[in-house]
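Tertiary structure, described
Residues per chain are reported as follows:
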Amino acid sequence: MTPADAVSLASTIALLLLGLALLLSVVRIVVGPTLGDRVLALDLLTVLAMGFVGAVAIRTGLTLYLDIAIALALLGFLATVAFARYILSRRVAGKQQP
Amino acid sequence: MTQIIFGVALVLLWAAITANFSTPNLVLGAVLAIVAVGFLRRSFSEPLRFGKVRSIARLTGTFVVELLISAFRVARIVLTPDLQSALRPAIIAFPLSVKSDAEIATLANLITLTPGTLSVDVSEDRSVLYVHALSFTTREAFIAEIANGFERQVKEVFA
Amino acid sequence: MIEAVAIYAGCVLLVVGALFCLLAAVGVIRLPDLLTRMHAASKAGAVGGGMILLAVPLVSLDGSVALRAILGVMFLVLTTPVSAHLLARASLKSTDNVTFTALDELGHKKDPSL
């Protein structure tokens, strides 16, 4: 097996596994049951999407995709922080107006 | 002095990341480094010592090993057919002996990424860290493991 | 020769990383409550994502790519526990039902003003 074949095979397997993982985390987002579960699954979804972009970078040989992956990680972190603050503030607002 | 070394390191890092060592890019990097050092001015209160660098390196090493172990352990638990008996989740109050914000934050992050533990909350007076465990045995053994492992190394780094 | 070894190592790292990502997702589906799910997502997710990022420079063999990948992994490892901690704290304070725990030392100490 030449290195090029190995890269092609490994990236295909990785993309399949990541696709399955994305599907599972979408199931958790739909099922819930609490808002926290959904936010957690969304957080995992951005990490998985980052992995997907990394696998595409390896498959195509375009390392520019790596920057996209890192930006996606940053975006996922900020989104989770914002959601956590929203969950906290919703609690406070709900208490003021029952 | 520490600030200058830090700034130069930042400029070199910027040039390496953008893969561009031309003069305009270095100047841009220098401007960014000065802004960053300006923001972080208060964090440079004490000089960097060699012993400290070594204890930071040791902490990083332990951390990477523990992170890999924890990923394998979570993977094994996830793949167990009988989940209910494999899991024994608990929230445990861990008495903190480290006091400063930086130490507590470092310890909490390390705990989250190590086997079977997840830091959940810190009490208002910063004396207790609430830790969620995936499968704990006894409370005392659990607390001793963290206190003798990471907490001591964190203390060495910030001492 | 060295290049071929690096490429094969990168392929292995890519597949193992993807496997950890899949296990994180399986954990999020299978585990019984939010906090235990968080264990799977924060640990296996961070390790899986980090391994895939590190596989990119091994396959492409480029110094600046390697540096960017290492920075990306450092960023991921630093931010994942912070977001997990924030989310655990927020959801524990907003919902009082910790459904599946053997011992809960936070439960009876919960601040009544919150």
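For the structure itself, consult the block above.
Below is a summary of the structure that appears in this document. Values in this document were obtained by computation on a predicted structure and should not be read as measured data. (Residues numbered from 1 in each chain as written. Chains lettered and ligands numbered in written order. Predicted model: local features only at pLDDT ≥ 70, side-chain atom pairs only at ≥ 80, totals over all residues. Heavy atoms only, no water.)

Listed as interface residues are 42 residues of chain B and, on the opposing side, 39 residues of chain C. A combined buried area of about 3600 Å² lies between chain B and chain C, and 73% of that area is made up of carbon and sulfur atoms. Joining chain B to chain C, the criterion identifies 0 salt bridges. For the side of chain B that touches chain C, the leading source of residues is helix α3 (residues 50-79) of chain B, giving 10 residues. Among the residues forming the side of chain B that touches chain C, the class breakdown is 29 nonpolar, 10 polar and 3 charged. (Contact = heavy atoms within 4.5 Å. Buried area = accessible area lost by both parts, 1.4 Å probe. Salt bridge = Lys/Arg side-chain N within 4 Å of Asp/Glu carboxyl O. Helix = DSSP H or I, 4+ residues; strand = E, 2+ residues; numbered from the N terminus. Nonpolar A, V, L, I, M, F, W, Y, C, P; charged D, E, K, R; others polar.)

So, on to the environment of Leu96(B). Residues and elements named next belong to chain B. Summarising the element assignment, Leu96 is placed in the loop between β1 (90-95) and α5 (101-112). Since its relative accessible area comes to 7%, Leu96 is described here as buried. Sequence-wise, Leu96 and Ser127 are 31 residues apart; in three dimensions their C-alpha atoms are separated by 5.2 Å. Beyond its immediate chain neighbours, meaning those up to four positions away, Leu96 contacts Ile104, Leu107, Arg126, Ser127, Val128, Leu129 and Glu151. (Buried < 20%, exposed > 50% of the residue type's maximum accessible area, 1.4 Å probe, protein only.)

This part is about the pattern of salt bridges. Under the definition given, this model contains 2 salt bridges over all chains. Across the salt bridge formed by Asp37(A) and Arg37(C), the nearest N and O atoms sit 2.4 Å from each other. Within this pair, whereas Asp37(A) is found in helix α2 (residues 35-60), its partner Arg37(C) is found in helix α2 (residues 34-60), the two belonging to separate chains. As far as the burial class goes, Asp37(A) and Arg37(C) line up, both buried. Across the pair Asp67(A) and Arg68(C) runs a salt bridge, and its minimum N-O distance is 2.9 Å. Of this pair, Asp67(A) sits in helix α3 (residues 64-96) while Arg68(C) sits in helix α3 (residues 63-94), on two different chains. Judged by its relative accessible area of 31%, Asp67(A) falls in the partly exposed class.

Further remarks concern helix α1 (residues 3-31) of chain A. Every α-helix winds through 3.6 residues per turn, so residues three or four apart in the chain are directed the same way. Between the first and last C-alpha of α1(A) there are 42 Å, a value that for 29 residues agrees with the 42 Å anticipated at 1.5 Å per step. Among the residues of α1(A), those classed as buried are Ala6(A), Val7(A), Ala10(A), Ser11(A), Ala14(A), Leu15(A), Leu17(A), Leu18(A), Ala21(A), Ser25(A) and Arg28(A). Against α2 of chain A together with α1 (2-30) and α2 of chain C lie the buried residues of α1(A). At the exit of α1(A) stands Gly32(A), carrying a positive phi of roughly 85°. (Expected span 1.5 Å × (residues − 1).)

The next thing to look at is the interface of chain A and chain C. Facing the 46 residues of chain A at the interface are 48 residues of chain C. Here chain A and chain C share an interface that buries about 4100 Å² over both sides, 82% of which is from carbon and sulfur atoms. Where chain A meets chain C, there are 2 salt bridges. Inspection of the chain A/chain C interface yields 4 residue pairs in polar contact (both at pLDDT 80 or more). Classifying every residue of the side of chain A that touches chain C by side-chain character gives 32 nonpolar, 8 polar and 6 charged. (Polar contact = N/O pair within 3.5 Å; in protein donor to acceptor, adjacent residues only side chain to side chain.)

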